[in-house]
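# Residue-level structure breakdown
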Amino acid sequence: MNGAPVGYRFGDGMRWVTWLFISTGVLWAVAIVLWLAAGGRAEFTTGTAPWSWHVLVPAWITLAGIVLALGGCVVFAQQMVGAILGRFEHSGFLDPPAGRAPRERPRK
């Protein structure tokens, strides 16, 4: 420990987080365009069932975006925990107190 501040060290997973959230935004934009332009909203609000592709395709695309967003949240949480534990490791926070030798188990 040299006293210099240790920055967060994220792994390659942060690139995955970025791409997962970008793809979520793209999927949701496509779903909104399909929902509004293809007539899904009008069909859904009339209450007629069973629904056609105008309702079902944007719904499935939105669900795929939700799954990708949840995956991005999980990878982000993993990266944060790894960065925090790495900071503890490099700061000496987890080291045993100075001047004390590790204790040995008594022998029988």
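Not measured: the values here are computed from a predicted model.

Cut-offs applied
Residues numbered from 1 in each chain as written. Predicted model: local features only at pLDDT ≥ 70, side-chain atom pairs only at ≥ 80, totals over all residues. Heavy atoms only, no water. Helix = DSSP H or I, 4+ residues; strand = E, 2+ residues; numbered from the N terminus. Buried < 20%, exposed > 50% of the residue type's maximum accessible area, 1.4 Å probe, protein only. Contact = heavy atoms within 4.5 Å. Patch = residues over 30% accessible without salt bridge, like charges linked within 9 Å, V, L, I, M, F, W, Y side chains within 5 Å. Areas by Shrake-Rupley, 256 points an atom, 1.4 Å probe, with all protein chains shown as cover. Salt bridge = Lys/Arg side-chain N within 4 Å of Asp/Glu carboxyl O. Phe/Tyr/Trp six-rings, centres within 6.5 Å; stacked < 30°, edge-to-face > 60°. pLDDT = per-residue confidence, 0-100.

With that out of the way, let us pick up the overall build of the chain. The secondary structure content of the chain amounts to three helices and zero strands. Written out in order from the N terminus, the α and β elements of the chain read α-α-α. Out of the 108 residues belonging to the chain, those deemed buried represent 17%. Counted over contacts in the chain with a minimum sequence separation of 6, partners at least 24 positions apart contribute 69%.

Before going further, it helps to examine the environment of Gly72. On the secondary structure map, Gly72 appears in helix α3 (residues 53-91). When the C-alpha atoms of Gly72 and Trp19 are compared, they prove to be 8.4 Å apart, with 53 residues separating the residues in sequence. Apart from the residues within four sequence positions on either side, Gly72 is in contact with Val17, Leu20 and Phe21.

A cluster of nonpolar residues, Trp28, Phe44, Trp51, Leu56, Trp60, Leu63, Ile66, Val67 and Leu70, forms a patch on the protein surface that exposes about 910 Å² of accessible area. With six residues, the single largest contributor to the nonpolar patch is α3. Its location among the elements puts Leu70 in helix α3. Its relative accessible area of 53% is what places Leu70 among the exposed residues.

Here we take up the packing of aromatic side chains. Applying the stated criterion across every chain yields a total of two aromatic pairs. Consider the rings of Trp35 and Phe44, whose centres lie 5.6 Å apart with planes at 55°: the pair is tilted. What makes Phe44 partly exposed here is its relative accessible area of 40%. For the ring pair Phe44 and Trp51, a centre distance of 5.3 Å and an interplane angle of 45° mean the geometry is tilted. Put simply, the rings of Trp35, Phe44 and Trp51 touch in pairs and so form one group of aromatic residues.

What follows covers the confidence of the model for the chain. Model confidence for the chain is summarised by a mean pLDDT of 83, while 77% of its residues fall at 70 or above. Across the chain, element-level confidence peaks in helix α1 (residues 13-37) with a mean pLDDT of 94 and bottoms out in helix α2 (residues 40-46) with 88.

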